[in-house]
Amino acid sequence: MTLSHVNPAQLHNSPAFSQGVIADAGRPLYVGGQNGTDATGTITGGIAEQTAQAFRNVLAVLEAAGAGPEHVAKLNIYVRVDADLGAGFAASRDSWGDQPTAITVLRVAGLARPDALVEIDAIAVLP
């Protein structure tokens, strides 16, 4: 399985994300929305801590399925409108690393858990 990143010359080229991703084969894995919940179901900390934990949760699902961040074609990140987006992005870079997936980031009024500041889902292609 190979992911090919599509970044047309006429569009902005970002080191953080790809404009498109082609998955040539494999089985899809849809990672449900992960927020900053630890193994006990507790959400603590601000946006940076919650973002780091949400990415650790995504990585745990990927690992359980035999995949890693390099197999992710698309991320959707939902950030509560009152959260510091810059702090969330900084934490995502530290937690996720240099994996330029296709990405959508949305500001939302709230999430299912009132104490959650961020939620992340992913689409991966299993090797």
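See above for the structure.
Our subject in this report is the structure included herewith.

What counts, and at which threshold
Residues numbered from 1 in each chain as written. Predicted model: local features only at pLDDT ≥ 70, side-chain atom pairs only at ≥ 80, totals over all residues. Heavy atoms only, no water. Core = buried A, V, L, I, M, F, W, Y, C linked by side-chain atoms within 4.5 Å. Buried < 20%, exposed > 50% of the residue type's maximum accessible area, 1.4 Å probe, protein only. Contact = heavy atoms within 4.5 Å. Pairing = 2+ DSSP bridges. Helix = DSSP H or I, 4+ residues; strand = E, 2+ residues; numbered from the N terminus. Right-handed = clockwise from strand over helix to strand, strands pointing away. Axes fitted to C-alpha atoms, helices over the stretch in contact; angles between N-to-C directions. Left-handed = near helix turned anticlockwise from the far one by under 90°. Polar contact = N/O pair within 3.5 Å; in protein donor to acceptor, adjacent residues only side chain to side chain. Salt bridge = Lys/Arg side-chain N within 4 Å of Asp/Glu carboxyl O.

### Quick word on the nonpolar core
One finds Val58, Leu62, Val72, Leu75, Trp96, Val118 and Ile120 to be the most contacted residues of the largest nonpolar core, which totals 20 residues. Those residues in contact with Val118 that sit more than four places away from it in its chain are Gln34, Asn35, Gly36, Ile47, Gln50, Thr51, Ala54, Ile77, Tyr78, Val79 and Leu111.

### Concerning the pairing of strand E5 (residues 102-108)
In this sheet, E5 lies alongside strand E4 (residues 72-80) in parallel orientation, the contact comprising seven bridges. Its bridge partner lying in E5, Tyr78 is registered against Leu106. Read from E4 through helix H2 (residues 85-96) to E5, the crossover connection turns out right-handed.

### Some thoughts on the packing of helix H1 (residues 47-64) against H2
The contact between H1 and H2 brings their axes to 8 Å, and the two run at 35°. Note on packing geometry: the crossing formed by H1 with H2 is right-handed. Residues Ile47, Ala48, Thr51, Ala52, Phe55, Val58, Leu59 and Leu62 of H1 pack against Ala87, Gly88, Ala91, Ser92, Ser95 and Trp96 of H2.

### Thoughts on the environment of Ser95
Assignment of secondary structure puts Ser95 in helix H2. The spacing of Ser95 and Ala124 is 29 residues in sequence and 17 Å in space, taken between C-alpha atoms. Within the structure, the side chain of Ser95 is placed 2.9 Å from the backbone oxygen of Ala91, a separation counted as a polar contact.

### Description of the pattern of salt bridges
Using the criterion set out here, one finds three salt bridges in the structure. Linking Arg93 and Asp98 is a salt bridge whose minimum nitrogen-to-oxygen distance equals 3.8 Å. Given a relative accessible area of 40%, Arg93 falls into the partly exposed group. A salt bridge links Asp115 to Arg113, with the nearest nitrogen and oxygen atoms 3.7 Å apart.

### A few points about the side chain of Gln34
Mapped onto the elements, Gln34 comes out in strand E3 (residues 27-35). Of the polar contacts made by the side chain of Gln34, one reaches the backbone oxygen of Gly32; its length is 3.2 Å. Ignoring anything within four residues of it in the chain, the contact list for Gln34 reads Ala54, Asn57, Val58, Val61, Val118, Glu119 and Ile120.

### Some details on the environment of Thr40
Relative to the helices and strands, Thr40 is located in the loop between E3 and H1. On the basis of relative accessibility, which here comes to 66%, the residue Thr40 falls in the exposed class. In this structure, the C-alpha to C-alpha distance between Thr40 and Pro69, residues 29 residues apart in sequence, is 24 Å. Side chain to side chain, Thr40 and Asp38 meet in a polar contact 2.6 Å long. Of note is the side chain of Thr40, whose polar atom sits 2.9 Å from the side chain of Thr42.

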